[in-house]
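# Analysis of the macromolecular model
Each chain, written out:
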Amino acid sequence: MDFQAVLDEIDAKIRPMLGHGGKVASYIPALARVPAERFGIALRTCDGVEACAGDAGERFSIQSVSKLFTLTLAMQHLGERLWERIGREPSGNPFNSLVQLESEQGKPRNPFINAGAIAVADRLVSLGDAKADILALMTSLAGEAIAFDEEVAASEAETGYRNIALANFMKSFGKLDNDVDPVLDMYFHQCAIRMSCVQLACAASFLCRDGAHPVEGQSAVTTERQTRRINALMLTCGTDDAAGDVAFSIGLPCKSGVGGGIVAVVPDRLTLAVWSPALDTTGNSLMGMKALEMFVGKTGLSVF
Ligand code: DON
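Per chain, residues are indexed from 1 in the order of the written sequence. Predicted model: local features are reported for residues with pLDDT of at least 70 only, side-chain atom pairs are reported and counted for 80 or more only, and whole-chain, interface and lining totals are derived from all residues.

Time to look at the pairing of strand S8 (residues 261-266). Counting buried positions along S8 yields 6 of 6 residues, so the element is predominantly enclosed. We call a residue exposed when 12 or fewer other C-beta atoms sit within 10 Å of its C-beta, buried when the count reaches 20 or more, and partly exposed for counts in between; the C-beta positions come from the backbone. Helix and strand definitions follow DSSP, with helices as H or I runs of at least four residues and strands as E runs of at least two, each counted in order from the N terminus. Here S8 shows no split at all, with Gly261, Val263 and Val265 on one side and Ile262, Ala264 and Val266 on the other all buried. Hairpin connection from strand S7 (residues 254-256) to S8: 4 residues lie between these consecutive antiparallel strands, with Gly260 at a positive phi of about 100°. Strands pair, by our definition, only if DSSP identifies at least two bridges between them. Here 6 bridges tie S8 to strand S9 (residues 270-275), and the two strands are oriented antiparallel to one another. Looking at the pairing, Ile262 lines up with Val274 of S9. Between the antiparallel neighbours S8 and S9 lie 3 residues, among them Asp268 with a positive phi of about 65°.

What follows is the structure, encoded as structure tokens:
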């Protein structure tokens, strides 16, 4: 299949629609000033062939897409023990909701809502230098130096009232081992990682390769079983309260972020990364989702 031609066609169809719908995240200035008229798409096949179109080389704030990689890091180190503190059910609520934590004794529904990612960050803080560890993983997976945007991290901390509340709430249930400050510092920094679609498609490509590292000769990122489980969680929980709709209309495991990025996986075939900053009402990239729908329509690739 000529994937480059497919991506070029999608880019040509999406470009005239940019700036006509959706809203760029505005809770921090560094995200609010990203132009809505950006669109990038990149893919990497499981045998390493790459294709990209549009603004695929431009770095953006990956936000909640980072939850995919902190989960990977925690699974590498903790295996089954991770699930003592975190569930695997879709929440059906917005990603930053507090409501279920009260009746569910501080155990987050899944690792992709904010509460779940904060619980994962707590485990990573216990394991070592969490911020250095996640950058080392991202740099190894992308094959290029990956860094935090310190301005975004500082703004996340300044305006992160809900995340601060979520961390304190879980701490009150005895569900965080560490003080809330270092855990939130890790969480705010992971949200502030900057990467391009090309880098993300490469970094996440272990998910279409049964856990094999994207760079030949490196040891496996995860076991085959763990990779299947990460993909299952992406399909059921990766786009928060839109997950059912995304499974219905796209049919691929996805993880999205409010920076407008989405990673999608076609197991045993390829990994995709799309970016367009204007979001729909569920906090997912409007044109990113449209592009994935077009990709599935044009290629017939889906897990179903
Ligand atoms: O913590 C937050 O709410 C944001 N920094 C990230 C949220 C996010 O990307 C959720 N996206 N689906």
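Attention now moves to the packing of helix H3 (residues 66-78) against helix H6 (residues 130-142). Only C-alpha atoms enter the line fits that serve as axes; for helices the fit covers just the stretch in contact. Angles between N-to-C directions range over 0 to 180 degrees. It is at 10 Å that the axes of H3 and H6 come closest, and there the two elements cross at 105°. As judged from the angle between their axes, H3 and H6 are roughly perpendicular. Every residue of H6 that contacts H3 at Phe69, Thr70 and Leu73 is listed here: Asp133, Ile134, Leu137 and Met138. Basically, the charged four are Asp, Glu, Lys and Arg, the nonpolar ten are Ala, Val, Leu, Ile, Met, Phe, Trp, Tyr, Cys and Pro, and anything else, Gly included, counts as polar. Residue composition of the contact of H3 with H6, by class: 5 nonpolar, 1 polar and 1 charged. Here the word oblique covers every angle except those under 35 degrees (roughly parallel), over 145 (roughly antiparallel) and from 65 to 115 (roughly perpendicular). Any two residues are considered in contact once their C-beta atoms, placed from the backbone, lie within 7 Å.

Below, the discussion takes up the sheet that holds strand S4 (residues 60-61). Taken together, 3 strands build an open sheet; the order of strands is S4-S6-S5 and the sheet is antiparallel. Single-partner strands in this sheet number two, and they are S4 and strand S5 (147-148). Of the pairings in the sheet, the one linking S4 to strand S6 (residues 193-195) comprises 2 bridges and is antiparallel in character. Its bridge partner being in S6, Ser61 is matched across the sheet by Arg194.

Right, let's talk about the domain arrangement of the protein chain for a bit. Where each domain starts and ends comes from a domain assignment, either automatic or drawn from a database. Here the domain parsing of the protein chain yields domain 1 (3-60 + 196-299) and domain 2 (64-191). The straight-line distance from the C-alpha centre of domain 1 to that of domain 2 is 21 Å. Facing the 29 residues of domain 1 at the interface are 30 residues of domain 2. Elements represented by at least two residues in the side of domain 1 that touches domain 2 include exactly helix H2 (29-32), helix H10 (197-203), helix H11 (224-237), S7 and S8. Looking at which element gives the most residues to the side of domain 1 that touches domain 2, the answer is H11, with 5 residues. Looking at the side of domain 1 that touches domain 2, its residues break down into 17 nonpolar, 9 polar and 3 charged.

Below, the discussion takes up unusual backbone geometry. With phi around 55°, Asp210 is a residue other than glycine that occupies positive phi space. Examined against the element boundaries, Asp210 turns out to sit in the loop between H10 and H11. Phi is positive for Asp268, close to 65°, though the residue is something other than glycine. Relative to the elements of secondary structure, Asp268 occurs in the loop between S8 and S9.

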